[in-house]
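Each chain, letter by letter, is given below.
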Amino acid sequence: TTTTTTTTTTMSDEIPPVSDDDSKAMENLRRWTVEDVADATVVTNPKAPPNGLTSVWNYCALELGFRVGQREDDPDMSHARERVFDLLWYIPVELEKFCLYGGLLCADAILGLFTSLPVRVASQTVRLVVSAASRNSKTAKRHAWGIHPYAREHLNDVLWLFMLTVAVTYTHMLDVSVIYHYIRGQEVMKLYMMCHVLETFDKLLCSFNSNVMDALQNSVHNCVNAATNGAKIDQIKSALRLVVDTGLSTGATVAHTFVLLTHAVTLSVAINSHTNAMLLVLISNNFSEMKGHVFKKQDPEKLFGVSRLDVIERVHLSVCLLFVTAQRIMAAGTIQAAMSRKFVTDIMLVIGSEIFVDIVKHSFMAKFNGLRPGVYRRFYRQMCRDHVHLTQSYKIHQVVGFVPLAPAAVIVRFLPGLYQTLRRSAESSNVVTRGIFDRIIVYCSSFFFFTSFMFVLVCFKLAFGIAIHTWGTRTLGRTPKVSPSAERWGAKTPAPGNVPPTPRSPPRIKVN
């Protein structure tokens, strides 16, 4: 006690006494700084009696900088910079990763129709014929066709090849030059309306074809089961249902092929025009879709559907641009004469505007709905997971919603004419200055060139599919699961002493 008393006495002797003037100055300073808080309380409190002169004086003092206002303590202000960079960088990066992987899956599906689908049909047909011929009908028990392990896959692949053949035959029945000159003679506003209608029907038919293909696969499954151990009436019903679904699928594929081919011809008219008015009209059509998506409430499920449609739209646009390039080469006669600077600039302008519109659209959709880049990361993981477990690459509609039959039919439409043009160009070129590709076209027969080309294409398809499958597997192994708090703003942060629980993967979004 004595020590404490002595220390207190010593400290009090060291501190100088405060004078009356200093205490009054400190009191005035305290009033000066506290008045702002009191005035703010009076203004924000509706029950406090209004004081006109005080309010006017405080407003003028705060507005002119004579006083310091109350500090804004908004917790959302700490995330402002993060929100800005989500809008400018992180969301576009995650979106482009998703679109790139989805676009490669769609390209792999189109390649699968040209390569793996004919090989599968041929090999399974041979196996079925050999298996039926090897049975001894006198001693062995009669086996149903559906018992064969390849029956279901064989019937499904045959129907897909049949629909592709019908669509290709339909495209060769159409006269592209008649459609081209008809569209070219229309006014700019009619062309704008035509493009808008074609894009709308493209999206509708793409969604409808995805559902029809699933129904066709179900009908094939029921037909095979009925052929295995079903009654006669069940076999007839399943066969009729299969015929109806096949007719619907074929009709939808043909209609989608016509829409996509007309869209490609319209794009060719706009690019080949002397003025850029028609091309600018087509590009402005991309900006009109912002209004239909940005200012609407979007949840992750709807956003996943919009993202899938953007991937499909980019693939369809790429197919249309390939058609335009092939038509230009066939009209010019050589690749060098067709690929002018204006043509390449217009192609890059169309692709760049599509990518720019998608980035701006998704960035502001995420901003207005409080979504974070983790949403697109979850979409990316889900697409990788679904693709890894997919059996055939051309059945990508179960993952992305993309049916490759119509784009494949449009590609087959211009391949024979392009080959004939390149062959004539190679034959008319100088023998000394011919390139390797021109030498192969000239000295190889059509059958040998087609066989070699198909062999190289099958090998490329297998290598391409393995690369994409490896990419998806590594992505699932390296990318962590996205927690729900990483998808939306406003999630609660766990206390420092509490260990956050292991995030669970959100439920899988179904492809409609």
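Residues numbered from 1 in each chain as written. Predicted model: local features only at pLDDT ≥ 70, side-chain atom pairs only at ≥ 80, totals over all residues. Heavy atoms only, no water.

Let's shift gears to the overall build of the protein chain. On a plain count of helices and strands, the protein chain comes out with 17 helices and zero strands. For the protein chain, buried positions account for 40% of its 512 residues. Contacts in the protein chain between residues at least 24 apart in sequence constitute 84% of all its contacts with a sequence separation of at least 6. Working note: accessible area of the protein chain is about 29800 Å², and carbon and sulfur atoms make up 65% of it. (Helix = DSSP H or I, 4+ residues; strand = E, 2+ residues; numbered from the N terminus. Buried < 20%, exposed > 50% of the residue type's maximum accessible area, 1.4 Å probe, protein only. Contact = heavy atoms within 4.5 Å. Areas by Shrake-Rupley, 256 points an atom, 1.4 Å probe, with all protein chains shown as cover.)

Turning next to the side chain of S363. Mapped onto the elements of the fold, S363 is located in helix α13 (residues 341–368). On the basis of relative accessibility, which here comes to 3%, the residue S363 falls in the buried class. In terms of polar contacts, S363 uses its side chain to reach the backbone carbonyl oxygen of I359, at 2.7 Å. Aside from chain neighbours lying at most four places away, what touches S363 is L87, I91 and P92. (Polar contact = N/O pair within 3.5 Å; in protein donor to acceptor, adjacent residues only side chain to side chain.)

Using the criterion set out here, one finds 10 aromatic pairs in the structure. Judged by centre distance (5.0 Å) and plane angle (55°), the rings of F304 and F379 are tilted. Of this pair, F304 sits in helix α11 (residues 300–332) while F379 sits in helix α14 (residues 374–388); the two residues are 75 residues apart in sequence, bridging distant segments of the chain. An identical accessibility class is assigned to F304 and F379; each is buried. (Phe/Tyr/Trp six-rings, centres within 6.5 Å; stacked < 30°, edge-to-face > 60°.)

Moving on, we get to the side chain of D108. Turning to its location among the elements, D108 is positioned in helix α4 (residues 80–114). Residue D108 is classed as buried on the basis of its relative accessible area of 3%. Non-local contacts of D108, meaning those with residues more than four positions away in its chain, are made with S393, K461, F464, G465 and I468.

Moving on: the pattern of salt bridges. Tallied over the full model, the rule gives 11 salt bridges. Linking R372 and E82 is a salt bridge whose minimum nitrogen-to-oxygen distance equals 2.8 Å. Of the two residues, R372 is situated in the loop between α13 and α14 and E82 in helix α4; the sequence distance between them amounts to 290 residues. We classify E82 as partly exposed; its relative accessible area is 34%. Between R314 and D358 there is a salt bridge whose closest N-O contact spans 3.1 Å. Remark: D358 occurs in helix α13 and R314 occurs in helix α11; sequence separation between them is 44 residues. Residue R314 is classed as buried on the basis of its relative accessible area, which comes to 15%. Judged by relative accessible area, which is 0%, D358 ranks as buried. (Salt bridge = Lys/Arg side-chain N within 4 Å of Asp/Glu carboxyl O.)

Turning next to a nonpolar patch on the surface. Nonpolar side chains collect at one region of the surface, where V84, F85, L88, W89 and Y90 lie side by side and expose about 540 Å² of accessible area between them. Relative accessible area serves as the criterion here: at 35%, F85 is assigned to the partly exposed category. (Patch = residues over 30% accessible without salt bridge, like charges linked within 9 Å, V, L, I, M, F, W, Y side chains within 5 Å.)

Fine structural detail should not be taken from predicted coordinates in areas where pLDDT scores are low. Of the residues in the protein chain, 74% have a pLDDT of 70 or more, and the chain-wide mean is 79. Here residues 33–46 is a poorly scored stretch, pLDDT under 50, and it has 11 contacts once near neighbours within four places are set aside; other chains count. Across residues 138–142, confidence stays below pLDDT 50; counting only partners more than four residues off in sequence or on other chains, it has zero contacts. (pLDDT = per-residue confidence, 0-100.)

Tracing the chain through its elements places V212 in helix α8 (residues 188–229). With relative accessibility at 8%, the residue V212 sits in the buried group. Taking C-alpha positions, V212 is 8.8 Å from T246, a pair spaced 34 residues apart along the chain.

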